[in-house]
Amino acid sequence: MRSIFDSHQNLLLNMKWLIDLFSSSLGRKVVMALTGLFIILFLTVHLIGNLQLLKDDGGEAFNVYAYFMTHNPLIKTISYVNYAFFVFHIVWAIMLTRKNRSARGAEGYAITNTSTIWSARNMGILGTVILVFLVIHMRQFWGEMHFGTVPFKTYGAQEVKDLYTICADAFKNWWYVALYSISMVAIAFHLWHGFASAFQTLGINHSKYNPVINFVGKVFSIVVPALFALIPIVMFTL
Amino acid sequence: MKIKLKVWRQKGPNAKGEFKTYNVDHASPDMSFLEMIDVLNGELIRKGEEAIAFDHDCREGICGMCSLYINGHPHGPLQTTTCQLHMRTFKDGETITVEPWRAQAFPVIKDLVVDRSAFDRIQQAGGYVNVNTGGVPDANEIPIPKKIADEAFDAATCIGCGACVAACKNASAMLFVSAKISQFALLPQGQVERKERAEKMVAQMDAEGFGSCTNTYACEAECPKGIKVANIARMNREYLGAMLTSYEVGSGGGGE
Amino acid sequence: MNLDSKIPEGPLAEKWTKHKFNLKLVNPANKRKYEVIVVGTGLAGASAAASLGELGYNVKAFCFQDSPRRAHSIAAQGGINAAKNYQNDGDSIYRLFYDTIKGGDYRAREGNVYRLAESSVSIIDQCVAQGVPFAREYGGLLANRSFGGAQVSRTFYARGQTGQQLLLGAYGALNRQIANGKVKMYSRTEMLDVVIVDGKARGIITRDLLTGKIESHSAHAVLLCTGGYGNVFYLSTNAKGSNVTAAWRAHKRGAFFGNPCFTQIHPTCIPVSGDHQSKLTLMSESLRNDGRVWVPKKPMPGLKGADAMKVPEADRDYFLERKYPSFGNLVPRDVASRNAKIVCDEGRGVGSGLAVFLDFTDAIKRDGEATIRAKYGNLFDMYAQITGDNPYKGPMMIYPAVHYTMGGLWVDYNLMTNVPGLYALGEANFSDHGANRLGASALMQGLADGYFVIPYTVGDYLANIGWADKVSTDHPAFKEAIQQSIDRMNKLINIKGKKTVDEFHRQLGLTMWEYCGMSRSEQGLKKAKQIIQDIKKEFWTNVNVLGTANELNQELEKANRVADFIELGELMVDDALDRKESCGGHFREESQTPEGEALRKDDEYAYVAAWEYKGENQPEQLHKEELKFENVKLTQRSYK
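These numbers were taken from a predicted model, which means no experiment stands behind them. (Residues numbered from 1 in each chain as written. Chains lettered and ligands numbered in written order. Predicted model: local features only at pLDDT ≥ 70, side-chain atom pairs only at ≥ 80, totals over all residues. Heavy atoms only, no water.)

Asks: How should the overall build of chain C be read in this particular structure?
Replies: Secondary structure assignment for chain C yields 18 helices and 19 strands. Against the 2.2 N^0.38 benchmark of 26 Å for 640 residues, chain C shows a C-alpha radius of gyration of 24 Å, consistent with a compact globule. By its C-alpha atoms, chain C is 75 × 60 × 50 Å across when sized along the principal axes. Each of the 640 residues in chain C was classed as buried or not, and the buried ones make up 67%. Residue pairs at least 24 apart in sequence account for 74% of intrachain contacts in chain C once pairs closer than 6 positions are excluded. (Helix = DSSP H or I, 4+ residues; strand = E, 2+ residues; numbered from the N terminus. Rg over C-alpha atoms; globule rule 2.2 N^0.38 Å. Buried < 20%, exposed > 50% of the residue type's maximum accessible area, 1.4 Å probe, protein only. Contact = heavy atoms within 4.5 Å.)

Asks: What's the story with the overall build of chain A in this structure? I'm lost.
Replies: The helix and strand tally for chain A stands at nine helices and two strands. Traced from its N-terminal end to its C-terminal end, chain A shows the element sequence α-α-α-α-α-α-β-β-α-α-α. Dimensions of chain A, computed from the C-alpha atoms along their principal axes, are close to 65 × 60 × 40 Å. Within chain A, the fraction of its 238 residues that count as buried is 39%.

Asks: Would you mind showing me how to read the side chain of C:S278 here?
Replies: Within the secondary structure layout, C:S278 lies in the loop between β11 (263-269) and β12 (292-296). Using a relative accessible area of 1% as the deciding quantity, one classes C:S278 as buried. At 2.8 Å, the side chain of C:S278 and the side chain of B:R59 are in polar contact. If sequence neighbours within four positions are ignored, C:S278 has contacts with B:E35, B:D38, B:R59, C:Y234, C:L235 and C:K240. (Polar contact = N/O pair within 3.5 Å; in protein donor to acceptor, adjacent residues only side chain to side chain.)

Asks: Would you mind showing me how to read the interface of chain C and chain B here?
Replies: You'll often see interface size given as the accessible area lost when the parts meet. Facing the 75 residues of chain C at the interface are 73 residues of chain B. Surface buried jointly by chain C and chain B totals about 6100 Å² across both partners, of which 51% is contributed by carbon and sulfur atoms. In this structure, the connection of chain C to chain B is made through eight salt bridges. At the level of elements, α3 (43-55), α5 (110-129), α6 (162-180), α12 (369-387), α13 (442-465) and α17 (554-578) of chain C are the ones that each hand at least two residues to the side of chain C that touches chain B. Broken down by element, the side of chain C that touches chain B gets its largest block of residues, nine residues, from α6(C). (Buried area = accessible area lost by both parts, 1.4 Å probe. Salt bridge = Lys/Arg side-chain N within 4 Å of Asp/Glu carboxyl O.)

Asks: In this structure, what is going on with the packing of helix α6 (residues 123-147) of chain A against helix α8 (residues 174-201) of chain A? I would like to understand it.
Replies: The packing of two helices is summarised by the inter-axis angle and the distance between the axes. All names here are of chain A. Close contact between α6 and α8 brings their axes to 9 Å; oriented N to C, the two are set at 140°. The angle between α6 and α8 falls in the class oblique. The interaxial crossing formed by α6 with α8 has left-handed handedness. Residue-level inspection shows M123, L126, G127, V129, I130, F133, I136, H137, Q140 and F141 of α6 in contact with α8, the latter providing Y176, L179, Y180, S183, M184, A186, I187, F189, H190, H193 and G194. (Axes fitted to C-alpha atoms, helices over the stretch in contact; angles between N-to-C directions. Parallel < 35°, antiparallel > 145°, perpendicular 65-115°, else oblique. Left-handed = near helix turned anticlockwise from the far one by under 90°.)

Asks: Looking at this model, I keep getting lost on the environment of A:T149. Mind explaining?
Replies: All names here are of chain A. Relative to the helices and strands, T149 resides in the loop between α6 and β1 (152-155). According to the relative accessible area criterion, T149 is exposed, its value standing at 76%. When the C-alpha atoms of T149 and L18 are compared, they prove to be 44 Å apart, with 131 residues separating the residues in sequence.

Asks: I'm lost on the sheet that holds strand β15 (residues 396-405) of chain C in this one. Help?
Replies: Within a sheet, each strand pairs with its neighbour through backbone hydrogen bonds, oriented either parallel or antiparallel. Residues and elements named next belong to chain C. In space, the five strands of this open sheet follow the order β11-β15-β14-β12-β13, with antiparallel pairing throughout. Across the chains shown, the open sheet's two edge strands, defined by having one partner strand only, are β11 and β13 (316-317). Contacts between helix α10 (residues 333-345) and the sheet are confined to β11, β12, β14 (356-359) and β15, with β11 contributing the most and set at about 70° to the helix. (Pairing = 2+ DSSP bridges.)

Asks: I'm lost on the interface of chain A and chain B in this one. Help?
Replies: Taken residue by residue, the interface counts 41 residues in chain A and 54 residues in chain B. Both faces considered, chain A and chain B share a buried interface measuring about 3700 Å² in area, 53% of it formed by carbon and sulfur atoms. The largest contributions to the chain A side of the interface with chain B come from A:L26, A:R104 and A:Y109, which together make up 18% of the buried area. Between chain A and chain B we count zero salt bridges in total. Our count for the chain A to chain B interface comes out at 25 residue pairs in polar contact (both at pLDDT 80 or more). Those elements giving two or more residues to the side of chain A that touches chain B turn out to be α1 (4-23), α2 (25-51), α4 (73-104), α5 (118-121) and α8 of chain A. A total of seven residues in the side of chain A that touches chain B trace back to one element, the largest contributor, which is α1(A). Taken together, the residues that form the side of chain A that touches chain B break down as 13 nonpolar, 20 polar and eight charged. (Nonpolar A, V, L, I, M, F, W, Y, C, P; charged D, E, K, R; others polar.)

Asks: In this structure, what is going on with the sheet that holds strand β5 (residues 95-99) of chain B? I would like to understand it.
Replies: Residues and elements named next belong to chain B. Reading across from one edge, β2-β1-β5-β3-β4 is the order of the five strands in this open sheet, with mixed pairing throughout. Where the open sheet ends on each side, the last strands, each with one partner, are β2 (18-24) and β4 (73-74). The sheet contact formed by strand β1 (residues 3-9) and β5 spans four bridges and is parallel. Bridge assignment links K4 to a residue of β5, and that residue is T95.

Asks: Sorry if this is basic, but what is going on with the nonpolar core here?
Replies: Within the largest apolar cluster, 253 residues are counted, with the highest numbers of intra-cluster contacts made by B:F210, C:I80, C:F134, C:L223, C:Y423, C:L462 and C:F539. When residues in this core are grouped by element, the largest group, 13 residues, is from α13(C). Among the nonpolar cores identified, the runner-up in size contains 35 residues, and A:I40, A:A168, A:V224 and A:M235 belong to it. (Core = buried A, V, L, I, M, F, W, Y, C linked by side-chain atoms within 4.5 Å.)

Asks: Hey, could you run me through the packing of aromatic side chains in this one?
Replies: The description of an aromatic ring pair uses the distance of the two centres, along with the angle that the planes make with each other. Within the structure shown, the criterion is met by 47 aromatic pairs over all chains. For the ring pair B:F106 and B:F119, a centre distance of 5.3 Å and an interplane angle of 75° mean the geometry is edge-to-face. Highlighted residues: B:F106 in the loop between β5 and β6 (108-110) and B:F119 in helix α2 (residues 117-124), separated in sequence by 13 residues. The exposure classification of B:F106 matches that of B:F119, with both residues buried. Arranged with centres 5.2 Å apart and planes meeting at 80°, the rings of C:F504 and C:F539 form a pair that is edge-to-face. On the criterion of sequence distance, the pair formed by C:F504 in helix α15 (residues 501-515) and C:F539 in helix α16 (residues 522-542) is long-range, its members being 35 residues apart. Across the pair, exposure class does not vary: C:F504 and C:F539 are buried alike. These aromatic residues form a ring-pair network of at least three members: A:F133, A:F141, A:F171, A:W175, A:Y176 and A:Y180. Geometry around C:Y413 places C:R115 over its ring, the cationic atom sitting 4.2 Å from the centre. Sitting over the face of the ring of C:Y157, C:R145 holds its NZ or CZ atom 4.0 Å from the ring centroid. (Phe/Tyr/Trp six-rings, centres within 6.5 Å; stacked < 30°, edge-to-face > 60°. Lys NZ or Arg CZ within 6 Å of the ring centre and 35° of its normal.)

Asks: What am I meant to see in the side chain of B:N215 here?
Replies: Here B:N215 shows up in the loop between α6 (194-207) and α7 (218-222). A distance of 3.0 Å separates polar atoms of two side chains, one belonging to B:N215 and the other to A:T201. Ignoring any residue separated from it by four or fewer positions in sequence, one finds B:N215 in contact with A:A120, A:H193, A:S197, A:Q200 and A:T201.

Asks: How should I be thinking about the domain arrangement of chain C in this particular structure?
Replies: All names here are of chain C. Segmentation of chain C into domains returns domain 1 (265-403) and domain 2 (479-616). Put simply, the middle of domain 1 and the middle of domain 2, counted by C-alpha atoms, are 30 Å apart. On the domain 2 side, the residues contacting the 14 residues of domain 1 number ten residues. Taken together, the two surfaces of domain 1 and domain 2 that pack against each other cover about 900 Å², and 61% of this comes from carbon and sulfur. Looking only at domain 1, the three residues that lose the most surface to domain 2 are I265, R338 and K341, adding up to 52% of its buried area. One can count zero salt bridges joining domain 1 with domain 2. Our count for the domain 1 to domain 2 interface comes out at two residue pairs in polar contact (both at pLDDT 80 or more). (Domains from an automatic or database assignment.)

Below is the structure:
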């Protein structure tokens, strides 16, 4: 009879292919693509929420939305997945970059002339800019919302945290609005390459669908960051 | 025409290399780039200086032996092999910088000669159909749609020169590997070993130390044979499908 | 010495089947006790090494390139013949055999050629099974085309890269055996010598081109699959590295050299552009299906491009159509080449003077530019890239260039040279193309030899000698051969003369082209012999090879090869002098019909000339293998 220990070992052995898959050169890219696409979805939802800030109702819509996002069990679960995917996206990006650097070798070229687009070559730099923004951004709003002292507001019977005021205050700082806008530009460039690139990595490259993917990718990478940036700019000028 | 050449000279695999500048005063626009180096080498030998070592063989753009990173492009500014690049592409008096392919997996052997045996090892890992000589069915037994045969040919036309690796900022060999995987993924003859092939070739590619594709498509832009990045997408599909569904439980491919 | 071709008795169609039955077999369990060396990894070498590895022999394979995939078979464009009769146009094994014998101007063995035609059918099956992407019809079946003036469509092709696809197929098969551990591959390794002990080939001496290390390898049999020697002309369509060294060293160790003067000159190459020219580029002769060859009726020096379009029809001489009304522009390669030379010698050459026009104006008018582009687009692009001229805006210019050598090491029906245990396959042997090779037959021969002949015949030899009959590399013969190779390398390095290797090579090439090229005469050949002897003398006293022998030294590699080309050149001249007839690629000015066509002399020269090396600076001895024709009637070729 096999012991439990044996079967555990078998389980590990059985999972080796999975570890191999995600540590292979192709698998790493798949992690980037899948997490990237998920984050793209998240951005869409996030944007819809943010747009509530512009509603002229003293922040009610936005605050209700923020309450919903932090209390609905399904959304909460998804949000943890989302955090994890951010972490994966970042950690795998670091691993990829290190591996790719070493693959290039110690001696570089004296001259390079490339016909490739800038954002494709600089995803790491763009990602780093976005990461810096993310830290500040999380600290400012997410951190406040979860751990900070946020005043309450009552809508009908429900008492919710007044995140709207925090936002409105933050968006009165010209430097924060500037940082926010610049970061949105970085995100736009990141998406400009990343959106279509994710499909290529997942093997979705077909002459019938490529034009659609490329078109949607370009539109998304301009419209979504532009709308994100629009909100603080509008609120700053109000 | 007159040309100033900045060439990477390196005595051996472990020696330190450096750029040396040479003047070629009697280049003709009709010369191929390699013939221009031939002429320079003749002059160097007469002056008692060792000739510049570089790989070349067929000089008609098909063997894939010639390399050279010229003015920031593998095989120079045109989308051809270096042997098919002619001096009329350059301006009189131009300075041309010539470097070897650079990649961890392509170590420099001497001057402009690099070791590309990693490519052979990747092919040995599964770039073939396991059939013995003799005992095969009649050639017309399996019809293949013309479109499919043509697409397989487009992939099979890769000459294994390594320009894709040289062009890629990550020194990724994925265009090269995907070309072979694609050829057999498309053809009926390749179906039997389709999954193992994708797993093994990718695993060997990783073991050789090539980087990952980050979809900049520099490879496609520089490939002298016009191999398409659609092949890389197909390889991604093949590999992912293989890893998720093959019967092999032990490590199939990839990882380090 | 009696040259025994070992052609089996019996009816032509049964010879090979019967012979295969009579060959001894090696017990499967014993195969792993045998070692076989394969030098060269082109179509013949890669297919042989792979097939022998599959059978269970231990194979060591060698190539001088950085990868076996780079062998020059890769550059073959047109296609590969096979008597499949898929087109229902009357092809058969016998017809392919007949066309090949006739195309070779009756200077090949019936038995060998029939076997080649027989094997052609299996080659296509094998390649398709390997995943070679041949051209297909819309219905999914294989496409064929008529090639090189053949009356039937029997040529299989993969766009203009048939050689590449076939070689990559064989390379795959080879890789599979490397991965299985049955073939050990030595790339960037050049063979310098063959070692013979007790009259049998026992191994080879090699040089590691990266470190310069001279090493010995022993085996039960040695297969030379090292290609042709067209580079003796310096300018040819061969790869820069293609060389005769392996075959020549075998020759100097006793293997006879067959028909060395039989050289194929291909008519549709891009003309030479200047002194710097390092090689010539062939364009598929399929171009002659639609292009018309012409020169002006009166000399018009420097004529080219758009100016040529302005020459009125009445002032043009479509010389092939004029002289050969029934075949026109599709006459065989040797005829097309020689006639181009004749009009250029008359001063009517165009461009640099050494070129004729290949004009597609009429074809474009007839079929439209789109059709012509679809058919020949890649060739037109190649032409534009190399010459800088737009072939859609003016006629292309072409000139003949050395392309293939029918001659090579003499082999019997088993592909074994007269040295037991030493074999020659593919272009390296002399066997199947007679005095002239038909288009799309080189690929066929290389693969037939490697896949379908040698696996049987080498087994017979190995079974006969037994696995114990092997000599170790400690044997004095190996030590001596190693020392000789080292001495030779050092000698080349220590001459420290004034001239580069290329200068000698160019000089040799010009001499060969002038006197032993498309047209040969006794007077010219004798002059050439003297010049070559002078070149040899000067080479060994005045060549300049820098660097050392213990590193990657490309000049040393070249010097080592050119030294052999010089010696081979002299033998080619001797052979051409001996053959006072015109046949195939060999045109002797003394032997022509009143209209200036080649005149064969079957009564005197229906033999294979097999030359035996007799020592340094000694005249070589000629052995004659009479050719017997039991099935075909010898006729003079006529394309009028």
